[in-house]
Amino acid sequence: MHSNTINLRKGISLGVLSGMIWGIAVLMFASATKVFEFDFGLLQDFPVFLTGGAGFGLVLGAFMEVLRDKLPFNGIIQNAIALSVSIWLLFFAGGVFLHLAAPARYHFEGEQAIQGFFLSFVLGLILGILWKQSSQN
Amino acid sequence: MEKTVLPEGVNKTNAVLAIAALGVAVLMGIAVYGFDSAIPGVHDLFHDFRHSIGISCH
Ligand SMILES: [Zn+2]
């Protein structure tokens, strides 16, 4: 049954779930591409990426639910990807700003930025698929 | 007169969850930029995660 009322509990739950899946995917992907050298081992990083992924997913899922009638595309998956990339771009822009403000402290790495952009796309894809499945049930 | 204060579709659970989500958004900012002044040790803890998702670092 389609409900017109906002249900943040649903948005946040789906967001956290997809974010945790994504966090593990990010860990695996980044350790495989080796665009930078990890400071810590996979085992140590696992809970960090799980938490970081859940955090991003939570924020994304909450915005998905609140903005769902205002998103540009007809498809849920396209909207989730667009929103995920947009949120990543906001955080990325903050990083660029910090780099401009304090270049010695914050470095800009093109390959890592491209990887981050791609991974934000993946987070949107995961959330979109889970969201679509949950609305069909 | 709660209905005049809260827009349609907003209930108390949603309001609490919205504030919590904003709090998490702030925490994510602190984590991805590594603001140790806000949370000591957060820079090192989220270091590999930050580089993985392409946010400026050292
Ligand atoms: Zn670094």
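That block above? That's the structure.
Rules behind the numbers
Residues numbered from 1 in each chain as written. Chains lettered and ligands numbered in written order. Predicted model: local features only at pLDDT ≥ 70, side-chain atom pairs only at ≥ 80, totals over all residues. Heavy atoms only, no water. Contact = heavy atoms within 4.5 Å. Buried area = accessible area lost by both parts, 1.4 Å probe. Polar contact = N/O pair within 3.5 Å; in protein donor to acceptor, adjacent residues only side chain to side chain. Helix = DSSP H or I, 4+ residues; strand = E, 2+ residues; numbered from the N terminus. Nonpolar A, V, L, I, M, F, W, Y, C, P; charged D, E, K, R; others polar. Axes fitted to C-alpha atoms, helices over the stretch in contact; angles between N-to-C directions. Left-handed = near helix turned anticlockwise from the far one by under 90°. Donors = N, O, S within 2.8 Å, 3.2 Å for Na, K, Ca; no water. Tetrahedral: all angles 85-135°; square planar, octahedral: opposite > 155°, others 65-115°. Expected span 1.5 Å × (residues − 1). Patch = residues over 30% accessible without salt bridge, like charges linked within 9 Å, V, L, I, M, F, W, Y side chains within 5 Å. Areas by Shrake-Rupley, 256 points an atom, 1.4 Å probe, with all protein chains shown as cover. Salt bridge = Lys/Arg side-chain N within 4 Å of Asp/Glu carboxyl O. Buried < 20%, exposed > 50% of the residue type's maximum accessible area, 1.4 Å probe, protein only. Core = buried A, V, L, I, M, F, W, Y, C linked by side-chain atoms within 4.5 Å.

### A few points about the interface of chain A and chain B
Tallying the contact residues gives 41 residues for chain A and 29 residues for chain B. Each partner contributes to the roughly 2,900 Å² buried at the junction of chain A and chain B, and carbon and sulfur atoms together form 67% of this total. Summed over the shared surface of chain A and chain B, the result is 14 residue pairs in polar contact (both at pLDDT 80 or more). At the level of secondary structure, the elements contributing two or more residues to the side of chain A that touches chain B comprise α1 (8-33), α2 (42-66), α3 (76-101) and α4 (110-136) of chain A. Classifying every residue of the side of chain A that touches chain B by side-chain character gives 25 nonpolar, 11 polar and 5 charged.

### Brief notes about the packing of α3 of chain A against α4 of chain A
Residues and elements named next belong to chain A. Look at α3 against α4: their axes get within 7 Å of each other, and the N-to-C directions meet at 145 degrees. Note that α3 runs across α4; the crossing there is right-handed. Grouping the constituent residues of the contact of α3 with α4 by class yields 14 nonpolar, 6 polar and 1 charged.

### Notes on the coordination of the zinc ion
All names here are of chain B. Protein-derived coordination of the zinc ion comes from H47 (NE2), H51 (NE2), C57 (SG) and H58 (ND1), at a distance range of 2.0 to 2.6 Å. What the 4 donor atoms of the zinc ion show is an angle range of 77 to 169 degrees at the metal, which sorts the shape as irregular. On the primary sequence, the residues serving as donors to the zinc ion are separated as H-x3-H-x5-C-H.

### Looking at helix α2 (residues 12-33) of chain B
With 22 residues, α2 of chain B ought to run about 32 Å at 1.5 Å a step, and its terminal C-alpha atoms sit 32 Å apart, in line with that. Along its buried surface, α2 of chain B packs onto α1, α2 and α3 of chain A together with α3 (42-45) and α4 (47-52) of chain B. If you check the start of α2 of chain B, you find a side-chain oxygen 3.1 Å away from the backbone N of T13 of chain B, and it comes from N11 of chain B. One or two residues past the end of α2 of chain B sits G34 of chain B, with phi positive at roughly 65 degrees.

### Quick look at a nonpolar patch on the surface
Taken together, the side chains of L17, M20 and I21 of chain A present a nonpolar region at the surface, about 240 Å² in accessible area. Take L17 of chain A: its relative accessible area is 41%, and that puts it in the partly exposed class.

### Things to note about the nonpolar core
Ranked by internal contacts, the top residues of the largest apolar core, which has 46 residues, are W22, F56 and F91 of chain A together with V32, F49, I53 and I55 of chain B. Going through the elements one at a time, α1, α2, α3 and α4 of chain A together with α2 of chain B are the ones with two or more residues in this core. Setting aside residues no more than four positions away along its own chain, V32 of chain B makes contact with F56 and F91 of chain A together with F49, R50, I53 and I55 of chain B.

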